[in-house]
Amino acid sequence: SGDFSFEQATTGTGTITRIAATNVSVGIGDGTTNILSITSGTALFVVTNLGLSGTVSGSVAVSIPGVSLSGTIQVAINTTTSAVNETFSINGVNSTVSLPAGPYFRFEGTNISLNVVGQTLTGNVAFEQVTLPSGLRFVTLAMTNMTLNLGGISLSLPSAGFLMTPSGMAGQINLTVGISFGGVSLSGALKLSINNIAAPVIQPFSAGGTSFNLNLAAGPYLRIEGLGLTLSVAGQTLSGNFAIESVAVPNAGRKLTIAASQVTLSLGSAVSVTNGTGLFVLSSAGMAGSLSATVGLNLPASISFTGTFKLSINNTAAAVSESITLAGVTHTITLSPSSTGAMRAYDLYLRYKAWRARRNAAP
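Residues numbered from 1 in each chain as written. Predicted model: local features only at pLDDT ≥ 70, side-chain atom pairs only at ≥ 80, totals over all residues. Heavy atoms only, no water.

Peer 1: Summarise the overall build of the protein chain; cite the residues concerned and give the values.
Peer 2: A count of helices and strands for the protein chain gives one helix and 26 strands. Taking all 363 residues of the protein chain together, the buried fraction comes to 44%. For the protein chain, restricting intrachain contacts to residue pairs at least 6 apart in sequence, the fraction spanning at least 24 positions comes to 48%. Accessible area of the protein chain: about 17300 Å², with a carbon and sulfur share of 50%. (Helix = DSSP H or I, 4+ residues; strand = E, 2+ residues; numbered from the N terminus. Buried < 20%, exposed > 50% of the residue type's maximum accessible area, 1.4 Å probe, protein only. Contact = heavy atoms within 4.5 Å. Areas by Shrake-Rupley, 256 points an atom, 1.4 Å probe, with all protein chains shown as cover.)

Shown next, in the form of structure tokens:
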């Protein structure tokens, strides 16, 4: 809607109609609620016997709980299958409509910042309204040249796709490279999962020409996760399932956490750790936390024992005292400082070796 003026012109390819408009309002959404809208806009359109094409620019608003964006967005419309390159002269000022072949109706922009679950995604965006055969409508977001800074972890992604509804947004992207942070590295089949909708999201969709098939647990969260990953810290390698997530901490903003399950670890030939489950906090100084795990010690002289132990890791040089709430459960992490980042389960073996040395040296 808006205030429109029309002119008809004859070109070398036939007759066209040019449309200029002011005070334009336009939106896309689920058919009831506009998820993305432009108001007080200006528009330029070209109409031929093939269809309509043009652009709209103005003030942009996003109506998704917990999501905000900044940057310049415009609407691009092309209902034809041909590229468009047409120049307008309005009040002596030339303006050009230059668009690739369609059909599409999308909100798009470059170097746009999108804030969700307390984190910021930056890149080029294209929002489109999609109507499924069932009649269900939602908006898809394709992002390219995307970057994410997650508590000091900087990720670069060539492309990503998200589904957006009046309840929130959700998406999942495969990461092609491992990540490193504060002396901690994580590698394997990593995924970036985002869901700020308070319900599971199970939905196939396409965005930017790429197909996605979401199957996400209820949010809100933004996490890096995977099964059968490898985590390296303090000179040791842990294998298992890990999820890095930014969580709110009372009076301290947000903290990065690593939730771990099914963890295995071998400390030389003497100590083995299996079935580990635990929680760690990450900072620029490193990682600290603990695992509850089955620990087995196989020592010389046919000495061996197994049991359930707590394996503590602190590769920072400071004491750690944190209360983290994850999935509604509050966890407390309290560790003394460690100058070497030693794993405390290994202390048993080191003390045993010292005792053997003292005994052998005795007269």
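Peer 1: So, the layout of surface pockets: which residues are in play, and what are the values?
Peer 2: If you add up the space inside the largest pocket, you get close to 290 Å³. Considering the residues around the largest pocket, the lining is formed by 18 residues, among which Thr 13, Ile 16, Val 46, Thr 48 and Leu 50 are closest to the centre. At the level of elements, strand 2 (14–29), strand 3 (34–48), strand 4 (51–62) and strand 7 (84–90) are the ones that each hand at least two residues to the lining of the largest pocket. Of the residues assigned to the lining of the largest pocket, the class counts are six nonpolar, eleven polar and one charged. (1 Å grid on protein atoms, 1.4 Å probe; cavity = no way out; pocket = protein on both sides within 12 Å on 5 of 7 lines; lining within 4 Å. Points joined across faces, edges and corners; volume = space filled by probe spheres on them. Nonpolar A, V, L, I, M, F, W, Y, C, P; charged D, E, K, R; others polar.)

Peer 1: Let's hear about the packing of aromatic side chains: which residues, and what values?
Peer 2: How two aromatic rings sit relative to each other is given by the distance of their centres and the angle of their planes. Applying the stated criterion across every chain yields a total of two aromatic pairs. When the ring of Phe 4 is compared with that of Phe 6, the centres are 6.4 Å apart and the planes differ by 20 degrees; the resulting orientation is stacked. Given a relative accessible area of 40%, Phe 4 falls into the partly exposed group. Here Phe 6 falls in the exposed class, since its relative accessible area comes to 59%. Between the NZ or CZ atom of Arg 106 and the centre of the ring of Tyr 104, over which it lies, the distance is 3.8 Å. (Phe/Tyr/Trp six-rings, centres within 6.5 Å; stacked < 30°, edge-to-face > 60°. Lys NZ or Arg CZ within 6 Å of the ring centre and 35° of its normal.)

Peer 1: Provide a residue-level description of the environment of Pro 100, including the pertinent values.
Peer 2: With respect to the secondary-structure elements, Pro 100 resides in the loop between strand 8 (93–99) and strand 9 (104–116). When its relative accessible area of 47% is taken as the criterion, Pro 100 is described as partly exposed. Between the C-alpha atoms of Pro 100 and Ser 53, which are 47 residues apart in sequence, the distance is 9.9 Å. Once residues within four sequence positions are removed from consideration, Pro 100 is found in contact with Asn 78, Ser 82, Ala 83 and Arg 106.

Peer 1: For the pairing of strand 20 (residues 236–248), give the residues involved together with the corresponding values.
Peer 2: As paired strands, strand 19 (residues 221–233) and strand 20 are joined by nine bridges and run antiparallel to one another. By the bridge assignment, Leu 229 is partnered in strand 20 with Gly 240. From the end of strand 19 to the start of strand 20, which pair antiparallel, there are two residues, and Ala 234 there has a positive phi angle of about 55 degrees. Where strand 20 and strand 21 (residues 254–267) come together, nine bridges link them in antiparallel fashion. The partner of Asn 241 across the bridge, within strand 21, is Ser 261. (Pairing = 2+ DSSP bridges.)

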